[in-house]
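# Structural overview for review
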Amino acid sequence: MAANSNALDATLLRLRQLEAQKVPPHAHPNPKAGGQPDSGGNPASDDTSALSAAARGEIGAHVRECWTKDAGAEGIDKMSVVLNVVTDATGTTRLANVADEDKSKLSDPVFQAFAERAVRAVMDVRCATLPLPHQMLGHTNNLTFRFRP
């Protein structure tokens, strides 16, 4: 009976941890930024510029595992979406929003689906903990991602 009790306790602990991850930090993302998952961003106004090209590539490869796209969607090969992403002190994504520069495109249902898939990729529990360099851990970070096929 003790083995079942331990398994139940472990399951409840994991569920509490997952629930706690749904609460965003009290940071404000920096708007108007650029970059893409496989090479990061480059604006000086956010923490993305502190990443080396290798670190941006590693983060992009990590998030790409969770990103899906509707290959049959019309015009998908020409789409891109910029996301503002906030991570907590452990490097886990807590908030991901479409950047102001792309919000006007959300009225297009195809673009909206494309953007939602990008947000889901960054927030997916398998990919939300980003492989940030050690010096970026211990505080919240505002990062920029550009998703394009």
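Everything here concerns the structure above.
Values in this document were obtained by computation on a predicted structure and should not be read as measured data. Within each chain, residue numbers correspond to sequence positions counted from 1 in written order. It should be noted that, the model being predicted, local features are given only for residues of pLDDT at least 70 and side-chain atom pairs only at 80 or more, the latter also being counted only at that level, while totals for whole chains, interfaces and linings use all residues. Think of the side-chain values as coming from all heavy atoms in the structure, minus any hydrogens and water.

### Details of helix 2 (residues 53-64)
Spacing of three or four residues puts side chains on the same side of an α-helix, whose turn is 3.6 residues. What counts is decided by this rule: In this description a helix means any DSSP run of H or I spanning at least four residues, a strand means any run of E spanning at least two, and both kinds are numbered starting from the N terminus. Multiplying 1.5 Å by the residue count of a helix minus one yields the expected span of that helix. Using a 1.4 Å probe on the protein chains alone, a residue whose accessible area is under 20% of its type maximum counts as buried, one over 50% counts as exposed, and one in between counts as partly exposed. When we speak of the arc, we mean the arc of directions from the helix axis to the C-beta atoms. Here a residue-residue contact requires only that any non-hydrogen atoms of the pair lie within 4.5 Å.
Over its twelve residues, helix 2 runs 16 Å from end to end, which matches the ideal 16 Å to within 8%, given 1.5 Å per residue. Within helix 2, the full set of buried residues consists of Ala-55, Arg-56, Ile-59, Gly-60, His-62 and Val-63. Along the axis of helix 2, the buried positions cluster into a sector of 160°, meaning they face one direction only. Exposed residues pointing more than 90 degrees away from the buried face of helix 2 are listed as Ala-53 and Ala-54. On its buried side, helix 2 packs onto helix 4 (109-123) and strand 3 (141-147).

### Overview of the nonpolar core
Taken as a class, soluble globular proteins show a tendency for nonpolar side chains to be buried jointly. This is how the line gets drawn: Buried Ala, Val, Leu, Ile, Met, Phe, Trp, Tyr and Cys residues form a nonpolar core when they are joined through side-chain atoms within 4.5 Å.
The biggest cluster of nonpolar side chains holds 27 residues, and the ones touching the most others in it are Val-63, Val-81, Leu-83, Phe-145 and Phe-147. Elements that contribute at least two residues to this core include exactly helix 2, strand 1 (81-87), strand 2 (93-98), helix 4 and strand 3. No other element matches the six residues that helix 4 contributes to this core.

### Considering the state of the cysteines
Using the following cut-off: Cysteine sulfur atoms are paired as a disulfide whenever they come within 2.5 Å of each other.
Scanning the entire structure with this criterion turns up one disulfide. The partner cysteine of Cys-66 in its disulfide is Cys-127, sulfur to sulfur 1.8 Å. Residues Cys-66 and Cys-127 are joined through a disulfide that is right-handed, its torsion about the S-S bond being 80°. Taken together, the residues Cys-66 in the loop between helix 2 and strand 1 and Cys-127 in the loop between helix 4 and strand 3 connect sequence positions 61 residues apart.

### Notes on the packing of aromatic side chains
Stated precisely, the cut-off is as follows: Centres within 6.5 Å are what make two rings of Phe, Tyr or Trp a pair, Trp counting through its six-membered ring; a difference in plane orientation under 30 degrees is then read as stacked, over 60 as edge-to-face, and the rest as tilted.
Counted according to the given criterion, the structure contains four aromatic pairs. Ring centres of Trp-67 and Phe-114 lie 5.9 Å apart, and the angle between their planes is 80°; on these two criteria the pair is classed as edge-to-face. Linking Trp-67 in the loop between helix 2 and strand 1 with Phe-114 in helix 4, this pair joins segments that are 47 residues apart in sequence. Taken as a pair, Trp-67 and Phe-114 share a single burial class, namely buried.

### With respect to the pattern of salt bridges
Note the threshold: Salt bridge, as used here: a side-chain nitrogen of Lys or Arg that lies within 4 Å of a carboxyl oxygen of Asp or Glu.
Using the criterion set out here, one finds five salt bridges in the structure. For Arg-94, the salt bridge identified is with Asp-88, shortest N-O distance 2.8 Å. By relative accessible area, which is 14% here, Asp-88 ends up buried. With a shortest N-O distance of 3.9 Å, Glu-101 and Arg-146 are connected by a salt bridge. One end of the pair, Glu-101, is in helix 3 (residues 100-103); the other, Arg-146, is in strand 3, and 45 residues separate them in sequence. Glu-101 gets classed as partly exposed once you look at its relative accessible area, which sits at 33%.

### Points about the pairing of strand 3
Note the following rule: Pairing between strands is defined by DSSP: at least two bridges between them are needed.
The buried fraction of strand 3 is high, at seven of seven residues. Of the two faces of strand 3, both are covered, the one formed by Asn-141, Leu-143, Phe-145 and Phe-147 as well as the one formed by Asn-142, Thr-144 and Arg-146. Two strands pair when backbone bridges link them, and strand 1 and strand 3 are joined in this way by seven bridges, in the antiparallel orientation. Pairing of Val-82 across the sheet is with Arg-146, part of strand 3.

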